[in-house]
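Report on the structure
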Amino acid sequence: MVNGEGLKQYGVTKPISMAGPTVADLKRTRDLEKFLVDSGLYESDEEVAKREQVLARLRQLVKDWVKQLTRVRGYTDQMVEDANALILTFGSCRLGVNGPGADIDALCVGPSYISREEDFFYIFHDILAEMEEVTELQPVPDAHVPVMKFKFDGISIDLLYASVSVLVVPDDLDISHVSVLHNVDEATVRSLNGCRVADQILKLVPNVEHFRTALRCIKFWAKRRGVYSNVTGFLGGVNWAILVARVCQLYPNAIPSMLVSRFFRVYTQWRWPNPVMLCEIEEDELGFPVWDPRRNPRDRTHHMPIITPAYPCMNSSYNVSPSTLRVMMEQFQYGNTVCQDIELSKAHWSSLFEQYMFFESYKNYLQVDIVAADVDDLRAWRGWVESRLRQLTLMIERDTIGKLQCHPYPHDLADPSRRCAHCAFFMGLQRKQGEVAQEGQQFDIRATVDEFRNSINMYAYWKPGMDICVSHVRRRLLPAFVFPEGYCRPRSSRPSNEQQSHRSSSPKNEVGGKRKNVDEDPDVEVPVKRLSSSPEIGVSMSPDVLVNTSVSPLPESVASVDGDMTPVAVESSLHRMVSRSGNLPLGTPLYDVSIAENLDRCSRSTSTLTSTSTSSTMSTLMGENFLEGIGLGSNVSGADGTSCSSEGSTDQGLTNSDSCDAVSGFLPEDGHEPNGIAGMVHPNGVTGMVLKASIGNDTGKIQDPVISLSLATMA
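The text that follows walks through the structure, step by step, so that each part is easy to find. Residue numbering note: each chain is counted from 1, following its sequence as written. Restriction of local features to residues with pLDDT of at least 70 applies here, the model being predicted, together with a cutoff of 80 or more for giving and counting side-chain atom pairs; totals for whole chains, interfaces and linings are based on all residues. As a rule here, side-chain values come from all non-hydrogen atoms in the structure, and water together with hydrogens is ignored.

**A few points about the side chain of T400**
- Structurally, T400 can be placed in the loop between α12 (375-399) and β7 (404-408).
- Polar contacts, as used here, are pairs of N or O atoms within 3.5 Å; protein pairs need one atom able to donate a hydrogen and one able to accept it. Residues neighboring in sequence count only if both atoms are side-chain atoms. Separated by 3.2 Å, the side chain of T400 and the backbone nitrogen of L404 make a polar contact.
- Ignoring anything within four residues of it in the chain, the contact list for T400 reads F443 and I445. By the criteria applied, helices consist of DSSP H or I runs no shorter than four residues and strands consist of E runs no shorter than two, each listed in order from the N terminus. Contacts are residue-level and defined by heavy atoms, with any inter-residue pair within 4.5 Å sufficient.

**Brief notes about unusual backbone geometry**
- The linkage connecting W272 with the following residue, P273, adopts the cis geometry, with an omega of 15°.
- Although it is not a glycine, E136 adopts a positive phi angle of roughly 55°.
- The residue E136 is located in strand β3 (residues 134-140) in this model.
- Burial classes follow relative accessibility: with a 1.4 Å probe on protein chains only, a residue under 20% of its type's maximum area counts as buried, one over 50% as exposed, and anything between as partly exposed. Looking at E136, the relative accessible area reads 36%, which means it is partly exposed.
- Phi angles above zero are rare outside glycine, and S345 is one such case at about 60°.
- Relative to the assigned elements, S345 resides in the loop between α10 (322-343) and α11 (349-352).

**Digging into helix α6 (residues 186-204)**
- To estimate the expected span of a helix, count its residues, drop one, and scale the result by 1.5 Å. End to end, α6 covers 25 Å across 19 residues, agreeing with the expected 27 Å (1.5 Å per residue, within 8%).
- The sharpest bend along α6 reaches about 40° and sits at N193. Throughout, bend refers to the angle between the axes fitted to the seven residues that end at a position and the seven residues that start at it.

**Here's the deal with the environment of F263**
- Within the fold, F263 resides in helix α9 (residues 256-269).
- Residues F263 and C248, spaced 15 residues apart in sequence, show a C-alpha to C-alpha distance of 8.8 Å.
- Here F263 is in contact with I218, W240, L243, V244, V247 and F332, once residues within four sequence places are set aside.

**Remarks on the sheet that holds strand β8 (residues 421-431)**
- The antiparallel open sheet is built from four strands, whose spatial order is β7-β8-β6-β9. Each edge of the open sheet is held by one strand with a lone partner, namely β7 and β9 (467-474). Each strand axis lies, on average, 25° off the axis of its neighbour in the sheet, ignoring direction.
- Axis angles are defined between N-to-C directions and span 0 to 180 degrees, where every axis is a line fitted to C-alpha atoms and, for a helix, only to the segment in contact. The sheet contacts of α10 involve β7 and β8, and relative to β7 the element is tilted by about 65°. Pairs of strands are assigned from DSSP output, requiring at least two bridges between the strands.

**Focus: the nonpolar core**
- In this structure, F211, W221, W240, F263, F359 and F426 are the most contacted members of the largest nonpolar core, which totals 76 residues.
- Elements represented by at least two residues in this core include exactly α1 (23-38), α6, α7 (208-224), α8 (237-250), α9, α10, α11 and β8.
- Take this core: its biggest share by element is nine residues, from α8.
- Apart from residues no more than four positions distant in its own chain, W221 is found in contact with V227, W240, F264, Q331, F332, Y334, G335, L352 and F353.
- V66, I104, I155 and L159 belong to the second-largest nonpolar core, a separate cluster that totals 31 residues. The term nonpolar core refers to a set of buried residues drawn from Ala, Val, Leu, Ile, Met, Phe, Trp, Tyr and Cys, joined through side-chain atoms within 4.5 Å.

**Overview of the pairing of β7**
- Most of β7 is tucked away: five of the five residues are buried.
- The sheet contact formed by β7 and β8 spans five bridges and is antiparallel. When the sheet's bridge partners are listed, L404 is paired in β8 with R431.

**Thoughts on the pattern of salt bridges**
- Definition used for salt bridges: Asp or Glu carboxyl oxygen within 4 Å of a side-chain nitrogen of Lys or Arg. By the definition in use, this model includes 29 salt bridges.
- In this structure, R453 and D450 form a salt bridge, with 3.0 Å as the shortest nitrogen-oxygen distance. With a gap of three residues between them, R453 and D450 both fall in helix α13 (residues 446-456), about one helical turn apart.
- Here the salt bridges do not stand alone but share partners, grouping E136, K151, D376 and R379 into one network.

**What to know about the packing of aromatic side chains**
- Pairing of aromatic rings covers Phe, Tyr and the six-membered ring of Trp, with a centre-to-centre limit of 6.5 Å; geometry is then stacked below 30 degrees between planes, edge-to-face above 60, and tilted otherwise. Inspection of the entire model under this criterion finds 36 aromatic pairs.
- Between W240 and F332, the ring centres sit 6.2 Å apart and the planes meet at 85°, which makes this aromatic pair edge-to-face. Linking W240 in helix α8 with F332 in helix α10, this pair joins segments that are 92 residues apart in sequence.
- Judged by relative accessible area, W240 falls into the buried class, the value being 0%.
- According to the relative accessible area criterion, F332 is buried, its value standing at 0%.
- Within the aromatic cluster, the residues linked to one another by ring pairs are W221, W240, F263, F264, Y267, W270, W272 and F332.
- To sit over a ring, a charge needs its Lys NZ or Arg CZ within 6 Å of the ring centre and within 35 degrees of the ring normal. Over the aromatic face of Y334 sits the side chain of R225, whose NZ or CZ is 3.7 Å from the ring centroid.
- Taking NZ or CZ as reference, R262 lies 5.9 Å from the ring centre of Y251, over its face.

Here you go:
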């Protein structure tokens, strides 16, 4: 396209600059390309050959599968001979920016009589399941874009299926032509559009090689800075590709180092929600919905529209929330600052790619722990929970009127010390910039977490052993497994470039009339009310979260235990006791007593313990096998030396091996641990349940309870 000034125009507007590179730009580009090579971002010849070998094997598999079904369904011998299916790549492979160990995004295109629901997700699934080369096979038929996930000879593959309106699929099928969309459903359109969008992007950029180098750089940067994840509300591969392609259009003669610098300059100043588009939005007689905020009210709610260039044009970044947009804008500012320093020879390219220290950046975090019976169940359970985490971010923003901001960590982490299948997700929490903290003000997100739990419990493929726990944890109480070396490094060691950028771009809180940086000042708090437990899911809070000391240490919600209405108590002294014993990390999540139905060694029934020296009554669960393992047997002593016995187990018709025993005690006012309490914490155990307790003493003065419990089956 040539505009009125005689200049060739790429995209929907004229270029910002037609300037080419200077000598300094050429040198910076050589330095950048060398850095990318040294960082291992390019595949070796052996890796390329293996990927092509796997794709060739997959192509033969789908052809044999289609021929088999064609024969079974009674088609002629000629039809069986001509029957065909294609394997097309999309994503980074099709764009030419895939790196070592990258997943393969692939699309299987089959004839009209081969269905996705029955033939692909059942018959082809069974073919793959019988192959030794195929592992971690996970069909996801209910996804927005239905996908089959698996590893083939160690290479991860996300395989989609599209049935087009032809009896024989030609080898030279032009998937970019709109005719492939005739007589197909919207799920098929979404499956086809991965390839179609990639082809359009490559057609719409002035220089494909410069685009590829810049995109490879930006994707690496996004991963290092923790903003590469579509599912958690950031951006995925196609989003970053469109953003980079638009910068290429605005600076058509720029080389990679210039494009990277201009990328951050442009998007630091971009006025969202103005959309990023590579071409005009086209409408077609096929009638598929396209992104149009003038007609579609839902499109007006999108915060960071990045529009795909192939019909039907869609917003590829609908997952972005106000919180994740804020995080990305902060990172754009960081990138812009570093690139300015690079252009002034004050920094090197390595500074741009410094790892973002997520677990040192916030005072408060939400930790979402999930467990399952085995790794296969965990894989499916994790995928479901991860797909819903974005909803938790939106719910928190909604229920706090945007005053509490969330920063989801884009990866799950596993605790290697656990013997069960486990992983955890994290979210950083902070008060919105400019919000004045009222004295005693707290964010109560208990109902929000309950709503999130209810949505998680709607999982159609739930199996026994699949459980979830959401807990609030302070930075100093983060579990060791979130840090690569197993411990938190001193905060003063943050890289100097990041310190400078962070001071200039991080949100700040108004606390006590003074503006303080929530990430740097350890005294700034984002108060979050203690989360109450629910019958299905335990939610525990780390100590010292309640800022208003006039609030009772026990939540007001109640639950029935052995006929009595007693408050749900999860006290910080439990965490203090466990920490001093050195057996469990602070902030260990607690599970509600009602999930005992999934545990083999403990009855779901609760038992009441009465200490003879106090009027306290507590109820908790501890596996008998564990008690015997540490020499306590089924009768144990309380922390004060008085005997505590289990009642009611035999009344439920339980055998001795099924009964559950408990111990209880008080933490003295001097803060010292009661004698013998540390020995009751199993070194590999997990504090298993939320405790239901009514606490008091003869003097009427409430003391913090100390409960020691563990369960071998939850280790």
